[in-house]
Amino acid sequence: MDLTSKIPKIQRYLEWIDEKRLTDYVCIANPYMLETINWNRIRYLKIKASVNFQIKSVKTIKILNNLVKNYFPSGQLAEVEIQKDLLRDIGKIKEIRAALDLSIQLSIIINEGCLCGCPYQIAHQLHSLTISMKDAEDYDEKFQFSNARCKNVLAYEPWLFLDANWILPRHIKRYRGLIDSFKLTDRSDSTDAIVLSGRKGGGDARKV
């Protein structure tokens, strides 16, 4: 079944969530959803642009602004999650913040540990969108794309982890005025595991 045949079901589901006021945000991971969903029929839900939008430069922001102008009702895009490789590039984050409408919040993942510039990254993220965790368990380890293949790289060059996509909780203050919300991953982990990860980093993840 292709995506087009699923759109009416997705549309009805979003309208139901919106009518019941079950949540404030919906995170869109596939940019094509901007064009195929009738957002004018959704009154309350705000939209967050996922990290899969690959927002990583002022040029990307300009393209996003074009999409917002042509496909969204005014004010519906509320938050943008920028590319995680930018986490330690404060200068680039400043450029993006300056180019983005001030009413739109910026978000970034701070504890993932993905290697910057990893050639597996896009394939990993896209695969995660198309296969359930249950189905992934049936895959042989050798072919499980959703598994972090960066482990293979780190087995030979472990020092590459030092400048990966993570920061310590005490460094969050450096992002004041630039980043509005910080995302903790991974969705497949329990809350306890994520909090434990934050504590190992030298802080209390519950305060992030």
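Up top is the structure these notes are about.
Residues numbered from 1 in each chain as written. Predicted model: local features only at pLDDT ≥ 70, side-chain atom pairs only at ≥ 80, totals over all residues. Heavy atoms only, no water.

Novice: A description of helix H3 (residues 58-71) should follow, citing residues and the corresponding values.
Specialist: Residues that lie three or four places apart on an α-helix share one face, since the helix turns once every 3.6 residues. Between the first and last C-alpha of H3 there are 20 Å, a value that for 14 residues agrees with the 20 Å anticipated at 1.5 Å per step. Of the residues making up H3, those classed as buried are Thr-60, Ile-61, Leu-64 and Leu-67. Here the buried residues of H3 occupy an arc of 115° about the axis, which is enough to place them on one side. Exposed residues lying more than 90 degrees from the buried face of H3 are Lys-59, Lys-62 and Lys-69. On its buried side, H3 packs onto helix H2 (33-36), strand E3 (77-81) and helix H4 (90-99). (Helix = DSSP H or I, 4+ residues; strand = E, 2+ residues; numbered from the N terminus. Expected span 1.5 Å × (residues − 1). Buried < 20%, exposed > 50% of the residue type's maximum accessible area, 1.4 Å probe, protein only. Arc of directions from axis to C-beta. Contact = heavy atoms within 4.5 Å.)

Novice: A description of the side chain of Gln-83 should follow, citing residues and the corresponding values.
Specialist: Residue placement: Gln-83 occurs in the loop between E3 and H4. For Gln-83, a relative accessible area of 4% puts it in the buried group. Engagement of the side chain of Gln-83 in a polar contact is seen with the side chain of Gln-54, the distance being 2.9 Å. If we ignore the near neighbours within four places in the chain, the residues touching Gln-83 are Val-51, Gln-54, Ile-55, Lys-56, Ile-108 and Gln-121. (Polar contact = N/O pair within 3.5 Å; in protein donor to acceptor, adjacent residues only side chain to side chain.)

Novice: I'd like a rundown of H4, residues and numbers included.
Specialist: Within H4, the full set of buried residues consists of Ile-93, Ile-96 and Arg-97. One face of H4 carries all of its buried residues, which in axial projection span an arc of 100°. The inward-facing, buried residues of H4 contact H3 and strand E4 (105-109).

Novice: Requested: an account of the environment of Glu-112, with residues and values cited.
Specialist: Summarising the element assignment, Glu-112 is placed in the loop between E4 and helix H5 (121-130). Glu-112 sits in the partly exposed class, given a relative accessible area of 27%. The spacing of Glu-112 and Thr-185 is 73 residues in sequence and 6.0 Å in space, taken between C-alpha atoms. Among residues more than four places away in sequence, those in contact with Glu-112 are Lys-84, Asn-165 and Thr-185.

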